[in-house]
Every structure is written in C-alpha cells, then in structure tokens.
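An overview of the molecular structure
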Amino acid sequence: MGAGIAEVLARGGLAVVGVEVDRDALERGRGHLESSTGRAVKRGRLTAEAQQEILGRVALTTDFADLGDCDLVIEAVPERLDLKRRVFAELDRVCRADAVLATNTSSLPVTDIAAGTSRPSQVVGVHFFNPAPVMKLVEVIATVLTEPDAVTGVAELVKGLGKTPVTIGDRAGFVANRLLFGYLNGAAAMLESGHATRDDIDTAMKTGAGLPMGPFTLMDLIGLDTCLQVLDAIYAESRDRRHAASPLLRELVTAGLLGRKTGRGFYAYDGVEQAKPDAPDGPRPVVGIVGVGPLADAIAALCDRAGTQVRDSAAELAGCDLVVEAAEDAEAGRALLSAAAQAVKPGTVLAVTSVDGSVIRQAMATGRPADVVGLHLPDPAAPLAEIAATVATAPDVAGRAAELAGRLGLTVVRCRDRAGFIVDALRFPYLNDAAAMLGAGYADADSIDAAMTLGCGYPTGPIADLDRLGPDRAVTVLNALHAETRDPALAPTPLLVEHATAGRPLR
Ligand SMILES: NC(=O)c1ccc[n+]([C@@H]2O[C@H](COP(=O)([O-])OP(=O)(O)OC[C@H]3O[C@@H](n4cnc5c(N)ncnc54)[C@H](O)[C@@H]3O)[C@@H](O)[C@H]2O)c1
C-alpha cells in the first residue's frame, strides 16, 4: 500500500520520501513502483519520460530523520496497533511540529494511534483502497481530537490527486469496510447454518443483486486472514454479534487456507474447472398464476419473455406444471392456493411467493405440503429464481421446481424456508446498516454511496439501492428477519421506518 500511495502522490506532482525498515524492503518498494509505472507505460497510459519524472520524485530511505521536512506523512506499516503506535512516536519525534501525520489503517481506531502522540490534533486517517493508483475512493478520518484544518487540508490534497475523499468520523471499519464486512460475515454465517450452499449464495448475490462477484469469491480474493483481522477489529468496537467472525472463517484461517494467495479458501484454485450443470432442457412448462397484483404481473411478464403459456383462470389450472401463488395478501394467497391444490393434477408443483419464512404455513393450508415450495424473484429484471424447500417439501418436488424455473430461462438457487431467502436476507441487513449510518449523521448519503461504488466496486450505493427497492420493502423484510432471529441489529433502523411510513425516498 505504501508503494501505491507513494505512486499516487508522485503522479500528482508531489515530492515524496518513502521510508522502509531495511534495504531489502526498500528495494522491494522500489520494485513495486517501477513495475506499476512500467505497466502504465506498456499500456500507453504513461510516457517513458513521465515515468522517469514520477520515479525521480520519490526518494527512498531507511532513516526516519529524512521525514523532517515533510508537510504530511502517511503511515502504511502492517495492521498492528503496537507497531503503529511505535511508528507514530518516532514520527512525532522527527517531524516538524506543524506536519500532519496520517495513518492508512483499514480498521484500527485512529484515536488510539493519535492519542499516543504529542499532537493528536494533527493526526488523521487517510484510508486508500487497493490498488491505490486505481481506486478512486479515499476515506479521510477525523477523530474527536483532530483540528478541522488538518482534515480539510488532507481532503483537498486527496481531491487534487484526482481521488474522491469522503470525510467521516473514527468508527472501526469506517464506511466501506464496516458495511462490506458485515455483509461478508453474514454470508459466511448463512453458509455455516446450512441455509444454502457456497455456490448458490455466490450465484444469488451476483445474478440477483447485480454484484460483480459473490461473497465467497470476494473473501478469497481479499484473503481470509485479512477478512478475519478486519472483522475482529470491527467487532472489538461494535460488539455486534454479526461482526463476530464466523467460526468457519476462523477455521479456514487456522488451517492456512487463506484464499487465492494460498491456492485454497472457500474455493480451491487448483486449475481444475468445476463442471457447470447444463441448463435444463425440455418443453416450456405451463404455468398457472393465482392472485393479482404487481408480483403476479412480473411473473406473467417473465413467462411471456420465456415464451411459455400462462393460465390464470381456475378452470385451466388442471393442465399446469407449476402453479404460482402471487397474491398481495397472505390470507388471500392461502385461500387461492388451497383452491388451486384441489384443481391441479398430481405432480403439479405449487409455489408460494412469500419470503418471510412462512412458506410452511401456506403449504400446510393446502393439505398437500409435500408439493409446495417457496419461489422468489429478488429482482424481476434479473434472471434469478430462489427456490425454498420446507421441511415438508418432497425432495423430488424441490428438484422439479428448480428444473421448471430453469426451463423458464432463470438461474436457480436453492435454500430453506427462512426470512429473505438468500438475496434479501443478505442485502437488507447491509442496507439497514447504511441507513443507520445516515440516521446517526456519521456520513451523508453521497459519501456512503461513494464508499461502496468507488471503494468496493458495487454498481450502486446502498442509499440509492434503498430508494430503488423501496424503504417500505426494506422495513417488511427486516421486520421478518428480526421476528425470526430476534437479533436487535436486524430491526429496521428508525430513519428507514420513518421514510417507509412517510412514503418518501431517503434522498
Ligand atoms: N492491502 C490492502 O488491501 C490494504 C488496503 C487498505 C489499507 N491497508 C492498510 O495499509 C497498511 C499496510 O498494509 P499492506 O497490505 O501494504 O501491508 P504490507 O505488510 O504489505 O506492507 C507493510 C510494509 O511496511 C513495512 N514496515 C514494517 N514496519 C515498518 C517500520 N517500522 N517502518 C517502516 N516501514 C515498515 C514493511 O516492510 C512492509 O513493506 C495496513 O494498515 C493495512 O490495514 C491495506
């Protein structure tokens, strides 16, 4: 990170002094700088002369005293509080009294680092993302001790380097990591609970939530040791059990299975491609829809796109392969499905669209619960179907439901009958955390959205997501998750409830 940050500063025309522990480390740092700028030259993004100018602006040394004239020092030593405090004591000794001292820590409290110096008012966090020359986001962290001028000065400098600074307070994980790692740990806990498989969770979040990669692929890429370290640091402050690293993650780290860098983590990277199951083949299923409303319309539109026949009158249900209950009200849905259950031929799959963990209740009311599954389309515009089997669903029925949905051109994932199925169960707690940050005044909506889009590569930020999905839907899903788990952190945050009640978006 140190080499990356030095490159960003030198590219911005600033003179940089890079300090390393010893000559070997210094040469490694020089190698990083040369190869990174060299790649830019090869790609035609930088001329050879510009590269030389950039490298000429970086003086490398092993002597802290060479930092004596610097206006700003950015520390990027390993993520250990004792080490950072030692380095800051040394910086405090050698740097000018008016120099600003910054830490690139990902998750340690900046206040703890600042408090060990004689100038806590001049200490800030500047959290660059990896790789620093590419990633646009920089979180600028002010502690309660930081002088406002030091913060604005650093934010302006960051902006001048072509980056987007987001100024926030000193909370473990800041914005991006706090939101991201809560979600990643939620995915690990979901896997551990047996609710869904690794592959189905990854597929669901990619296809159904439009994320660039699923949570297990991302954790393997970040490194499971880093994930564990960040979660431990966030948990130390939040004491929120959702930040308590999943035992599965800890076990993988203890076993030395750290992800891509060691060849195995949640996945094995042994060059052996996992065979992908073939898309189910066969005639388009005949689908019956009972109930009216936007959900029923969305399913009818989907069937239309797939070129399949839709039957929605009671008399026609006998010829259906799949009957979907899509009523807006659970009680009406129960009555409609029970009537449909009498009309269909044996072997017809009955699907319930409620995602509040109540598929089993609807199923019992039909008198033939073995034929009932849950079916959820987390985003009607995305080709993902989540199929939930209850304890009463016959195993072959769940398989048949998955096959029928596949023949409608949908990617299918399977899970148990729990609130939110997969996508909603993982994304709404994350969105709730973002709304809570906004409600607490920790960061504004633009900063929160920028943190996730520019820092984590999300296609849209959480506040924009909440407004797209609707605060009322968020409150409904969160209430269901809270009712099921009794976890206070899953109760919808007051700001969200207020916006849902007022029918107003967050922005
Ligand atoms: N790697 C990332 O993705 C990432 C992203 C954002 C922030 N960070 C943060 O940046 C910091 C550095 O992370 P990294 O991944 O670059 O670590 P790293 O271990 O790759 O590099 C740390 C460097 O610090 C040097 N060092 C150790 N002690 C030193 C000392 N006393 N004086 C001078 N140099 C010393 C080491 O020789 C090493 O080159 C951490 O606080 C980390 O949390 C990392």
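Conventions adopted
Residues numbered from 1 in each chain as written. Predicted model: local features only at pLDDT ≥ 70, side-chain atom pairs only at ≥ 80, totals over all residues. Heavy atoms only, no water. Helix = DSSP H or I, 4+ residues; strand = E, 2+ residues; numbered from the N terminus. Expected span 1.5 Å × (residues − 1). Buried < 20%, exposed > 50% of the residue type's maximum accessible area, 1.4 Å probe, protein only. Contact = heavy atoms within 4.5 Å. Polar contact = N/O pair within 3.5 Å; in protein donor to acceptor, adjacent residues only side chain to side chain. Near = heavy atom within 4 Å. Areas by Shrake-Rupley, 256 points an atom, 1.4 Å probe, with all protein chains shown as cover. Nonpolar A, V, L, I, M, F, W, Y, C, P; charged D, E, K, R; others polar. Phe/Tyr/Trp six-rings, centres within 6.5 Å; stacked < 30°, edge-to-face > 60°. Lys NZ or Arg CZ within 6 Å of the ring centre and 35° of its normal. Axes fitted to C-alpha atoms, helices over the stretch in contact; angles between N-to-C directions. Parallel < 35°, antiparallel > 145°, perpendicular 65-115°, else oblique. Left-handed = near helix turned anticlockwise from the far one by under 90°. Patch = residues over 30% accessible without salt bridge, like charges linked within 9 Å, V, L, I, M, F, W, Y side chains within 5 Å. Salt bridge = Lys/Arg side-chain N within 4 Å of Asp/Glu carboxyl O. Lys, Arg positive; Asp, Glu negative; His and termini not counted. Charge placed at Lys NZ, Arg CZ, Asp CG, Glu CD. Pairing = 2+ DSSP bridges. Domains from an automatic or database assignment. Buried area = accessible area lost by both parts, 1.4 Å probe.

**A short note on helix 4 (residues 81-94)**
Here helix 4 contains 14 residues, and its C-alpha end-to-end distance of 20 Å stays within 8% of the 20 Å for a straight helix at 1.5 Å per residue. Where helix 4 is concerned, the buried positions are L83, K84, V87, F88, L91, D92 and V94. Its buried side turned inward, helix 4 meets strand 3 (72-75), strand 4 (100-103), helix 5 (110-115) and strand 5 (123-128).

**Points about the side chain of R407**
Take R407: it is sitting in helix 15 (residues 395-407). Of note is the side chain of R407, whose polar atom sits 2.4 Å from the backbone oxygen of P283.

**Brief notes about the site of the ligand**
Close to the ligand lie 18 residues, the nearest being M1, E20, E79, K84 and S106. The contact in question runs from an oxygen atom of the ligand to an N or O atom on the backbone of M1, over 2.9 Å. Across the complex, the protein chains shield 69% of the 830 Å² of accessible surface that the ligand would expose by itself. Going through the elements one at a time, helix 4 and strand 5 are the ones with two or more residues in the shell around the ligand. Broken down by class, the residue content of the shell around the ligand amounts to ten nonpolar, five polar and three charged.

**Concerning the packing of aromatic side chains**
The tally for this structure, following the rule as stated, stands at three aromatic pairs. Put simply, the rings of Y183, Y430 and Y458 pair up and form one aromatic cluster. Taking the ring centre of Y442 as reference, the NZ or CZ of R171 above it sits at 4.6 Å.

**Brief notes about the packing of helix 13 (residues 330-343) against helix 14 (residues 359-366)**
In the contact formed by helix 13 and helix 14, the axes pass within 8 Å of each other and the chain directions differ by 40°. Of the possible angle classes, the one that applies to helix 13 and helix 14 is oblique. Once helix 13 is placed against helix 14, the crossing between them reads as right-handed. Between helix 13 and helix 14, the contacting residues are A330, G333, R334, L337, S338, A341 and Q342 on the first element and R361, Q362, A365 and T366 on the second.

**A closer look at a positive patch on the surface**
Taken together, the side chains of R39, K42, R43 and R45 present a region of like positive charge at the surface. Its location among the elements puts R43 in the loop between helix 2 (23-42) and helix 3 (48-56). Judged by its relative accessible area of 55%, R43 falls in the exposed class.

**Describing the sheet that holds strand 12 (residues 372-376)**
One open sheet accounts for seven strands, arranged 9-8-10-11-12-13-14; its pairing is mixed. The strands lining the two open edges of the sheet, one partner per strand, are strand 9 (310-311) and strand 14 (411-416). Pairing of strand 8 (residues 287-290) with strand 10 (residues 322-325) involves four bridges; the strand directions are parallel. Residue I289 lies in a different strand from strand 10, and its bridge partner there is V324. Sheet strands touched by helix 12 (residues 294-306): strand 8, strand 9 and strand 10. Its angle to strand 8, the strand with the most contacts, is close to 165°. Docked against the sheet, helix 14 engages strand 10, strand 11 (349-352) and strand 12, running at close to 140° with respect to strand 12.

**Focus: the side chain of E386**
In this fold, E386 is placed in strand 13 (residues 384-389). Among buried charged residues, E386 stands out as having no salt bridge; its nearest opposite-charge side chain is R473, 7.4 Å away. A distance of 3.1 Å separates a polar atom in the side chain of E386 from the backbone nitrogen of I422. A polar atom in the side chain of E386 sits 2.8 Å from the backbone nitrogen of V423.

**Considerations on the environment of A102**
Relative to the helices and strands, A102 is located in strand 4. Separated by 20 residues in sequence, A102 and Q122 have C-alpha atoms that sit 8.3 Å apart. Those residues in contact with A102 that lie beyond four places of it in its chain are L72, V73, I74, E75, F88, V124 and V126.

**Here's the deal with the domain arrangement of the protein chain**
Taken domain by domain, the protein chain holds domain 1 (2-169), domain 2 (176-262), domain 3 (287-408) and domain 4 (423-502). Here the C-alpha centre of domain 4 lies 29 Å away from the C-alpha centre of domain 3. Across the contact, seven residues belong to domain 3 and seven residues belong to domain 4. Between domain 3 and domain 4, a total of about 450 Å² is buried, with carbon and sulfur atoms accounting for 48% of that surface. Taken together, domain 3 and domain 4 are joined by zero salt bridges. Between domain 3 and domain 4 we count three residue pairs in polar contact (both at pLDDT 80 or more) in total.

**Re the sheet that holds strand 7 (residues 164-169)**
Spatially, 3-4-5-6-7 is the arrangement adopted by the five strands of the open sheet, whose pairing is mixed. Taken across any chain shown, the strands that pair with only one partner, and hence form the sheet edges, are strand 3 and strand 7. Taken pair by pair, the neighbouring strands of this sheet meet at an average axis angle of 25°, ignoring direction. On top of the sheet, helix 4 reaches strand 3, strand 4 and strand 5; it is set at about 165° to strand 4, its chief contact.

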